[in-house]
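Remarks on the overall topology
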Amino acid sequence: MSDVVWPAVPGYSTERLHQPWRLFVAACEVVVAAVAVWVAFLAWDNSLTTVTVRLDDGTELVSRVYAGNWIALAIGLGGLAGILVVDALRHVLLGVRARRRRYRKSRDNGQVAEG
């Protein structure tokens, strides 16, 4: 069997995935995720409204009304924070595994090879 060689994709970069700058990107994503969680808690607190009604006989009725738009915003921000944390973990793994390229001479013919 022969080896299958895929055709070159135009515009595709052949740079290595493991780069140390990804640690900075991961830190930024964690900060944005923390802000998103904080705003999600604020939105959830904003979604609850207490309505009190006093009747003629002195009875007091207390109801809680939830605003769906604030709840949806809180859930969406929580989901966004979760995605950002998972992506930050990916960036940390790719940033930590970054290694310098070492060049060494091949034993066969003395040419410089990556390794």
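Residues numbered from 1 in each chain as written. Predicted model: local features only at pLDDT ≥ 70, side-chain atom pairs only at ≥ 80, totals over all residues. Heavy atoms only, no water.

In this structure, Ala-33, Ala-36, Ala-40, Ala-43, Ala-74, Leu-77, Ala-81 and Leu-84 together form the largest nonpolar core, which totals 8 residues. Among the secondary structure elements, those contributing two or more residues to this core are α1 (22-46) and α2 (68-96). If we skip the residues at most four places from it in the chain, Ala-33 touches Ala-81, Leu-84 and Val-85. (Core = buried A, V, L, I, M, F, W, Y, C linked by side-chain atoms within 4.5 Å. Buried < 20%, exposed > 50% of the residue type's maximum accessible area, 1.4 Å probe, protein only. Helix = DSSP H or I, 4+ residues; strand = E, 2+ residues; numbered from the N terminus. Contact = heavy atoms within 4.5 Å.)

What follows deals with the pattern of salt bridges. In this structure the tally under the stated criterion is 2 salt bridges. Here Arg-54 and Glu-60 are joined by a salt bridge, their closest N and O atoms 3.2 Å apart. With a closest N to O distance of 3.0 Å, Arg-90 and Asp-87 form a salt bridge. With a gap of 3 residues between them, Arg-90 and Asp-87 both fall in helix α2, about one helical turn apart. We classify Arg-90 as partly exposed; its relative accessible area is 42%. (Salt bridge = Lys/Arg side-chain N within 4 Å of Asp/Glu carboxyl O.)

Moving on to the pairing of strand β1 (residues 48-54). Where β1 lies against strand β2 (residues 60-66), 7 bridges are found, and the strand directions are antiparallel. Among the inter-strand pairings, Thr-50 is bridged to a residue of β2, identified as Arg-64. Here β1 hands over to β2 after 5 residues, with Gly-58 in that stretch at a positive phi of 95°. (Pairing = 2+ DSSP bridges.)

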